[in-house]
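Listed here are the chains, written in short residue letters.
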Amino acid sequence: MINIKTPEMKKSILTLLVICTTYASQAQLYSSTQSVISFFSKTPVEDIKAESKEIKALVNVQTRDIAFLVANTSFQFENKLMQEHFNEKYMESEKYPMSTFKGKIIEEVDLTKDGIYNVNVTGKLNLHGVEKDRNIPGVVTVKNGVIHIASDFKVQLAAHQIQVPKLVVAKIAEEIDVKVDASLALKK
Amino acid sequence: MKKTIYLFYWLLFSGIVSAQDDLLNMLSSEAPQKPTAVYATFKSTRLVNLQSNETMKAKHLDFRIQHRFSSMNINKDNNYGLYDVFGLDGAVIRLGLEYGITDKLMIGLGRSTAGKTYDGFVKYQLLQQKTKGMPMSVVLFGNTGISTQAFADKNRQNFETSRLSYVFQTIITRKMNDYFSFILTPTMVHHNLVETKETPNDIFALGIGTSIKISRSTRFNIEYIPRLNGRNQPKNGDKPTYYDAIAIGFDIETGGHVFQLHFTNGNGLIEQQFIARNPSQFNLTQLRFGFNISRTFSFDK
């Protein structure tokens, strides 16, 4: 009979459990290979756009959990002055360096099978240190083991306590259009 | 034993904590935060008169208007400033076009009314303060000024090289936190031609200054540029005595524009003038109101 009380045995059982769980979770995880997030602010005075190719995404195809993370300082603007103001005045990137979303695909879709799925993701969007419950629609395309996620949604600056000074209020839209384009492959 | 307990707890709670958190945590741990460049140490490429560590980014053009009114003349002889409307009757102005060649290298051209002077400068960001590691920014600055004013004494033998003057600065800055930034600027000014034999051609000075954030769009700035030599110039006849420049000002940023409003005794808008040849004292008679307007254009596509 195996003596489970010896420290060596405990250790090996635990190690085995850890390996099993890690292995199991890795087997169903898809991580981003090539992803872009961009946003637009449209006002009669000025159009502002920026994009980041450093957004990271993870999808668990078994639980249909999904997560996105992007460093605010990775957003590139055509106008570098705007980029500086974006980080310093609006996102306050030194205080809140990351923007994140974590959620779950509501529809019971099988993301291991090829197809095009219109989905809704419910979860929490964290911008500027303020977390909001959101329901965001998207289109998931699965083909040859690659999951592609496309989504357009709006972010209200006021909802995330991003205040626009009166001096520039005409130049920045109250609602920002955000576009996410992510390709994910099985995580190795 | 402790390790086992930790492992046990980890196993227990990893099941309870929602898998969503796990995904986000996995992402954050996969992408550890790299030290990033510290931005917005100052609002503009100038503190008030002094150059700050900020440079124009690549393919960005700054059209800059630097304007100082005349002395405020707040004294009894001038009806307590009303005679000249606190100096608004007169002005010294510099118009400049300043351009970023790369994110670290910028050049500028300008023309000042004082001495009918053209100037060209190069500013290079040698070191950039980082969130971790590099504690400060170091920027090198050099300019050449060419005065095109007619020589005072046309009968004397005049050399065209007498029109030239140079400035070298090492600009050292540190953004302490979101609210405070400091600047230290060792400076050398060289004038090819000086007024008297006793006046040194080379003036050394140490610019010091601070910028305090008031709101996201406004900052309060103070600077003082004491000279380290040439302070005891002879006060013979019509040769002026020079004083150290001090300035107090506000930055108001409105997106593409930065408006800098200030009071200073600094006369002239390039370093050779307001550091080495400033004839005004810091008092209510000789203090002047001034402003800089900076408008940035992006040619980046």
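Predicted model only: the values in this text are computed from it and were never measured. (Residues numbered from 1 in each chain as written. Chains lettered and ligands numbered in written order. Predicted model: local features only at pLDDT ≥ 70, side-chain atom pairs only at ≥ 80, totals over all residues. Heavy atoms only, no water.)

For chain A, the count of helices and strands is 2 helices and 10 strands. Helices and strands in chain A line up, N terminus first, as α-β-β-β-β-β-α-β-β-β-β-β. The long-range share in chain A, meaning contacts at least 24 apart out of those at least 6 apart in sequence, stands at 59%. When the accessible area of chain A is evaluated, it comes to approximately 10,200 Å², of which 57% is carbon and sulfur surface. (Helix = DSSP H or I, 4+ residues; strand = E, 2+ residues; numbered from the N terminus. Contact = heavy atoms within 4.5 Å. Areas by Shrake-Rupley, 256 points an atom, 1.4 Å probe, with all protein chains shown as cover.)

What follows covers the pairing of strand E1 (residues 29-42) of chain A. All names here are of chain A. Across 3 bridges, the pairing between E1 and strand E3 (residues 56-60) is antiparallel. Residue pairing across strands places tyrosine 30 opposite valine 59, the latter belonging to E3. Pairing between E1 and strand E10 (residues 175-186): 10 bridges, direction antiparallel. Pairing of serine 38 across the sheet is with lysine 179, part of E10. (Pairing = 2+ DSSP bridges.)

To continue, consider the domain arrangement of chain B. Domain annotation for chain B reports domain 1 (1-32) and domain 2 (39-298). Here the C-alpha centre of domain 2 of chain B lies 56 Å away from the C-alpha centre of domain 1 of chain B. (Domains from an automatic or database assignment.)

A word on the pairing of E3 of chain A. All names here are of chain A. Where burial is concerned, most of E3 is hidden: 4 out of the 5 residues are buried. Here E3 runs beside strand E4 (residues 65-71); their pairing, made up of 5 bridges, is antiparallel. Bridge pairing in E4 places valine 59 opposite isoleucine 66. Linking E3 back to E4 in an antiparallel pair, the connection comprises 4 residues, with arginine 64 at a positive phi of about 60 degrees. (Buried < 20%, exposed > 50% of the residue type's maximum accessible area, 1.4 Å probe, protein only.)

On the chain B side, the residues contacting the 42 residues of chain A number 40 residues. Interface of chain A and chain B: buried area, both sides summed, is about 3,700 Å²; carbon and sulfur atoms make up 62% of it. Our count for the contact surface shared by chain A and chain B stands at 4 salt bridges. A salt bridge links glutamate 94 of chain A to lysine 175 of chain B, with the nearest nitrogen and oxygen atoms 3.9 Å apart. Connecting chain A to chain B are 11 residue pairs in polar contact (both at pLDDT 80 or more). Listing elements by their share of the side of chain A that touches chain B, those giving two or more residues are helix H1 (7-27), E3, E4, helix H2 (80-90) and strand E6 (98-105) of chain A. By residue number, the principal contributor to the side of chain A that touches chain B is H2 of chain A, which donates 8 residues. Within the side of chain A that touches chain B, the residues separate by chemical class into 19 nonpolar, 10 polar and 13 charged. (Buried area = accessible area lost by both parts, 1.4 Å probe. Salt bridge = Lys/Arg side-chain N within 4 Å of Asp/Glu carboxyl O. Polar contact = N/O pair within 3.5 Å; in protein donor to acceptor, adjacent residues only side chain to side chain. Nonpolar A, V, L, I, M, F, W, Y, C, P; charged D, E, K, R; others polar.)

To continue, consider the pattern of salt bridges. When the charged atoms of two side chains lie near each other, side chains of opposite charge can form a pair. All names here are of chain B. Within this structure, the stated rule accounts for 23 salt bridges over all chains. Its salt-bridge partner being glutamate 160, residue arginine 163 comes within 2.9 Å of it at the nearest N-O pair. Residue arginine 163 is classed as buried on the basis of its relative accessible area of 17%. Linking arginine 277 and glutamate 195 is a salt bridge whose minimum nitrogen-to-oxygen distance equals 3.9 Å. One end of the pair, arginine 277, is in the loop between helix H3 (271-274) and strand E12 (288-298); the other, glutamate 195, is in the loop between strand E7 (180-191) and strand E8 (202-213), with 82 residues separating them in the sequence.

All names here are of chain A. As for its placement among the helices and strands, threonine 63 is situated in the loop between E3 and E4. Measuring from C-alpha to C-alpha, the distance between threonine 63 and isoleucine 105 comes to 8.6 Å, with 42 residues separating the pair along the chain. Within the structure, the side chain of threonine 63 is placed 3.2 Å from the side chain of asparagine 60, a separation counted as a polar contact. Among the polar contacts listed, one links the side chain of threonine 63 to the side chain of aspartate 65, at a separation of 2.9 Å.

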